[in-house]
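# Results of the structural survey
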Amino acid sequence: MMKLSAVSIMIFLVSSCTPKEDLDNDGVIQEVRSMFAEYEALVERDGLMAEFAFLDSTDDFFWVPPGYNSAISFDSIRTDVTANAQQMRSISLSWDSLRIVPLSRTTAAYTGVLIWESENVSGGTTRTRLLESGVVVKRSGTWKLLCGQTRNVEVY
């Protein structure tokens, strides 16, 4: 009987010391979807440089853009985006599919297919489907892209 009580107490102590996170999956999913909708709207309205409002600028940030074989830093992304932004007249973004998986109240994984349509300053147009996956993190109440990768699936 003493053994059973000791085991019961151990189980109680371990379970009561383990933090329980009250995860509102639907709430996290809605917040992240809203962040992506705002991202799309601002980039379409203000251009490619508007995406910096949605990138985590900490040392934890990294991304693997289309055509790259390894991850690059925030500073490298800034250099590339700044150069490309000058060549863009207009951009339209929309998710063909988007799946968000909450990992905690402040972290979520996502994957989906993004439709990118753009016109450059010379009048040339591009339409492509991009496969993207990554992690978003909520810092100071705002969702940011922390890390991920994007690759061209189809250009048409």
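Computed from a predicted structure; not experimentally measured.

### Overview of the overall build of the protein
Per the secondary structure count, the protein includes three helices and five strands. Across the protein, helices and strands are ordered from the amino to the carboxyl terminus as α-α-β-α-β-β-β-β. Here the protein, with 156 residues, has 35% of them falling under the buried criterion. Considering only contacts within the protein whose residues lie at least 6 apart along the sequence, 55% involve residues at least 24 apart. Carbon and sulfur atoms form 54% of the exposed surface of the protein, whose accessible area is close to 9,600 Å².

### Here's the deal with helix α2 (residues 25-46)
With 22 residues, α2 extends 31 Å between its outermost C-alpha atoms, agreeing within 8% with the 32 Å of an ideal straight helix rising 1.5 Å per residue. Those residues of α2 lying buried are G27, V28, V32, M35, F36, Y39, E40, L42 and V43. Buried residues in α2 make contact with β2 (88-102), β3 (107-120), β4 (125-139) and β5 (142-155). After α2 finishes, the residue G47 shows a positive phi value of roughly 95°.

### Digging into the packing of aromatic side chains
Going through the model one piece at a time under the given rule, you end up with seven aromatic pairs. Measuring from ring centre to ring centre gives 5.3 Å for Y39 and F54, while their planes differ by 70°; the resulting arrangement is edge-to-face. Taken together, the residues Y39 in helix α2 and F54 in the loop between α2 and β1 (62-64) connect sequence positions 15 residues apart. Here Y39 matches F54 in class, with each residue buried. Directly above the ring of F52 sits R78, whose terminal nitrogen or CZ lies 4.6 Å from the centroid.

### Overview of the layout of surface pockets
Roughly 720 Å³ of volume is contained in the largest pocket. In this structure, the largest pocket is lined by 30 residues; those nearest its centre are L48, E51, P65, P66 and W116. Within the residue set of the lining of the largest pocket, elements represented by two or more residues are α2, α3 (74-85), β2, β3, β4 and β5.

### Re the sheet that holds β5
Taken in spatial order, the five strands of this open sheet run β1-β5-β4-β3-β2, and their pairing is mixed. A strand with exactly one partner marks an edge of an open sheet, and here the two such strands are β1 and β2. Each adjacent strand pair in this sheet contributes to an overall mean axis angle of 20°, direction not counted. Pairing geometry for β1 and β5, over three bridges, is parallel. Residue pairing across strands places W63 opposite G148, the latter belonging to β5. Helix-sheet contacts for α2 involve β2, β3, β4 and β5, and the interaxial angle to β2 is about 170°.

The rules behind the values
Residues numbered from 1 in each chain as written. Predicted model: local features only at pLDDT ≥ 70, side-chain atom pairs only at ≥ 80, totals over all residues. Heavy atoms only, no water. Helix = DSSP H or I, 4+ residues; strand = E, 2+ residues; numbered from the N terminus. Buried < 20%, exposed > 50% of the residue type's maximum accessible area, 1.4 Å probe, protein only. Contact = heavy atoms within 4.5 Å. Areas by Shrake-Rupley, 256 points an atom, 1.4 Å probe, with all protein chains shown as cover. Expected span 1.5 Å × (residues − 1). Phe/Tyr/Trp six-rings, centres within 6.5 Å; stacked < 30°, edge-to-face > 60°. Lys NZ or Arg CZ within 6 Å of the ring centre and 35° of its normal. 1 Å grid on protein atoms, 1.4 Å probe; cavity = no way out; pocket = protein on both sides within 12 Å on 5 of 7 lines; lining within 4 Å. Points joined across faces, edges and corners; volume = space filled by probe spheres on them. Pairing = 2+ DSSP bridges. Axes fitted to C-alpha atoms, helices over the stretch in contact; angles between N-to-C directions.

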